Amino acid sequence: MNIDGRIQALQSLLRDGFVREDEYYSVLESVGALKHNYYDYMITEPIDVDEELKRLPNADFDVCGALLTMLLREDHFSNGSFRERKEKGQVNPILKRLIEIIQT
């Protein structure tokens, strides 16, 4: 997928309202950001999601992908947590950072 396609795919997740988790998985996979080994990118053990999210301002493409994957996996274990984090504004900043990185 070219740069414009990757950006458009990620921007599609920024729309208002809730986006289903499977759509995030699909888009992240298509742009090369889904990290099945997301835990290898984390600096806390056990993983402290809120602490990991503080890394966003300096995160590179791989760390951003790992952060989003982490949030999706958290939802797998705690159903509804991804929706809550999306509503609290913790998901879109990661998507915007990914877009910013791709554009540079």
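Scope of this entry: the structure provided in the associated data block. Everything quoted here is computed from the prediction, not taken from an experiment. (Residues numbered from 1 in each chain as written. Predicted model: local features only at pLDDT ≥ 70, side-chain atom pairs only at ≥ 80, totals over all residues. Heavy atoms only, no water.)

Points about the packing of helix 1 (residues 3-12) against helix 2 (residues 21-31)
Piece 1. Axis separation between helix 1 and helix 2 bottoms out at 10 Å; the angle between their running directions is 165°. Between helix 1 and helix 2, the angle is such that the two are roughly antiparallel. The chirality of how helix 1 crosses helix 2 is left-handed. Two secondary-structure elements touch here, helix 1 through Arg6, Ala9, Leu10 and Ser12 and helix 2 through Val27, Leu28 and Val31.
Piece 2. For the contact of helix 1 with helix 2, the class distribution of residues is five nonpolar, one polar and one charged. (Axes fitted to C-alpha atoms, helices over the stretch in contact; angles between N-to-C directions. Helix = DSSP H or I, 4+ residues; strand = E, 2+ residues; numbered from the N terminus. Parallel < 35°, antiparallel > 145°, perpendicular 65-115°, else oblique. Left-handed = near helix turned anticlockwise from the far one by under 90°. Contact = heavy atoms within 4.5 Å. Nonpolar A, V, L, I, M, F, W, Y, C, P; charged D, E, K, R; others polar.)

What to know about the side chain of Gln90
Piece 1. Inspection of the secondary structure puts Gln90 in the loop between helix 5 (81-87) and helix 6 (92-103).
Piece 2. A distance of 2.9 Å separates the side chain of Gln90 from the side chain of Arg85, its partner in a polar contact.
Piece 3. Apart from residues lying up to four places away in sequence, Gln90 is in contact with Asp50, Leu53, Leu71 and Arg85. (Polar contact = N/O pair within 3.5 Å; in protein donor to acceptor, adjacent residues only side chain to side chain.)

Considering the packing of helix 4 (residues 61-77) against helix 6
Axes are the key here: two packed helices are described by the angle between their axes and the distance separating the axes.
Piece 1. Where helix 4 contacts helix 6, the axes come no closer than 9 Å and their chain directions differ by 155°. Judged by the inter-axis angle, helix 4 sits roughly antiparallel to helix 6. Considering the relative orientation of helix 4 and helix 6, their crossing is left-handed. Taken together, the residues of helix 6 that come into contact with helix 4 (itself represented by Phe61, Cys64, Gly65, Leu67, Leu68 and Leu71) are Ile94, Leu95, Arg97, Leu98, Ile101 and Ile102.

Focus: the packing of aromatic side chains
Two aromatic rings, taken as a pair, are described by how far apart their centres are and by the angle between their planes.
Piece 1. Under the defined criterion, the tally for this structure stands at two aromatic pairs.
Piece 2. Here the aromatic rings of Tyr38 and Tyr39 are separated by 5.4 Å at their centres, their planes lie at 70°, and the arrangement is edge-to-face. (Phe/Tyr/Trp six-rings, centres within 6.5 Å; stacked < 30°, edge-to-face > 60°.)

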